[in-house]
Amino acid sequence: QVQLVESGGGVVQAGGSLRLSCAASGRTDSLQFMGWFRQAPGKEREFVSAIGSSAGGAGATWYTDSVQGRFTMSGDNPKNTVYLQMNSLKPEDTAIYYCAGRDQWWYSANLGTWSYWGQGTQVTVSS
């Protein structure tokens, strides 16, 4: 089992920056990927970013098109602590952001295939 705890959410003005953190504990040695998803009011939870956490692929990242070039995912150790640096924030980035973990060796952005989830942290971008 893996436990995930997010932090760093808040309210920022459009164009500003925010850094989210996710601390993982438990059997983190099983994790192959860590990721971030977000859910805006009335919308489905969607993929934002992912980072490889296996020995061979640690540090490799993926981003959804809408955040490419603005968001950067990183980790002190991708199996234990990951970050999402969000720059040039837009009002449409407003959502609850969830940290997620995946123990399958193959990568997928389909949230139904991710096994572990944090409680979420609210990000609000004002215009």
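For the structure, check the block above.
Residues numbered from 1 in each chain as written. Predicted model: local features only at pLDDT ≥ 70, side-chain atom pairs only at ≥ 80, totals over all residues. Heavy atoms only, no water.

1. Brief notes about the overall build of the protein chain
Check the secondary structure of the protein chain and you find zero helices and eleven strands. If you list the helices and strands of the protein chain from N to C, you get β-β-β-β-β-β-β-β-β-β-β. For 127 residues, the compact-globule estimate of 2.2 N^0.38 gives 14 Å, and the protein chain sits close to it at 13 Å. Expressed as a percentage of its 127 residues, the buried residues of the protein chain come to 44%. (Helix = DSSP H or I, 4+ residues; strand = E, 2+ residues; numbered from the N terminus. Rg over C-alpha atoms; globule rule 2.2 N^0.38 Å. Buried < 20%, exposed > 50% of the residue type's maximum accessible area, 1.4 Å probe, protein only.)

2. Some details on the side chain of Thr28
With respect to the helices and strands, Thr28 occurs in the loop between β3 (18-26) and β4 (33-39). Take Thr28: its relative accessible area is 11%, and that puts it in the buried class. A polar side-chain atom of Thr28 sits 3.0 Å from a polar atom in the side chain of Asn80. Ignoring anything within four residues of it in the chain, the contact list for Thr28 reads Val2, Lys79 and Asn80. (Polar contact = N/O pair within 3.5 Å; in protein donor to acceptor, adjacent residues only side chain to side chain. Contact = heavy atoms within 4.5 Å.)

3. Overview of the nonpolar core
Grouped together as the largest cluster of nonpolar side chains are 27 residues, with contacts concentrated most on Met34, Trp36, Leu84, Met86 and Tyr97. Counting residues per element, the ones that place at least two in this core are β1 (2-7), β3, β4, β5 (46-52), β7 (71-77), β8 (81-86), β9 (95-102) and β11 (121-126). Of the residues forming this core, the biggest block, four residues, is contributed by β3. Ranked by size, the runner-up nonpolar core spans six residues in total, among them Phe33, Phe47, Ala50 and Trp114. (Core = buried A, V, L, I, M, F, W, Y, C linked by side-chain atoms within 4.5 Å.)

4. Observations concerning the sheet that holds β3
Strands pair in a sheet through their backbones, by hydrogen bonds, and they do so in one of two ways: parallel or antiparallel. Spatially, the four strands line up as an open sheet ordered β1-β3-β8-β7, and their pairing is antiparallel. Edge positions in the sheet fall to β1 and β7, since each of these pairs with one other strand and no more. For this sheet the average axis-to-axis angle between neighbouring strands, irrespective of direction, equals 20°. Where β1 meets β3, six bridges bridge the pair, whose relative direction is antiparallel. For Val2, the partnering residue across the bridge sits in β3 and is Gly26. (Pairing = 2+ DSSP bridges. Axes fitted to C-alpha atoms, helices over the stretch in contact; angles between N-to-C directions.)

5. Some details on the pattern of salt bridges
For the structure shown, the criterion picks out three salt bridges. We note a salt bridge from Arg70 to Asp93, for which the minimum N-O separation is 2.8 Å. With Arg70 in the loop between β6 (61-63) and β7 and Asp93 in the loop between β8 and β9, this residue pair connects regions lying 23 residues apart in the sequence. Salt bridges sharing partners connect three or more residues here, namely Arg38, Glu46, Arg70 and Asp93. (Salt bridge = Lys/Arg side-chain N within 4 Å of Asp/Glu carboxyl O.)

6. Focus on the state of the cysteines
Under the defined criterion, the tally for this structure stands at one disulfide. For Cys22, the disulfide goes to Cys99, at an S-S distance of 2.0 Å. The S-S bond linking Cys22 to Cys99 shows a torsion near -85°; that makes this disulfide left-handed. Linking Cys22 in strand β3 with Cys99 in strand β9, this pair joins segments that are 77 residues apart in sequence. (Disulfide = S-S within 2.5 Å.)

Distances and angles like these do not, on their own, reveal function.
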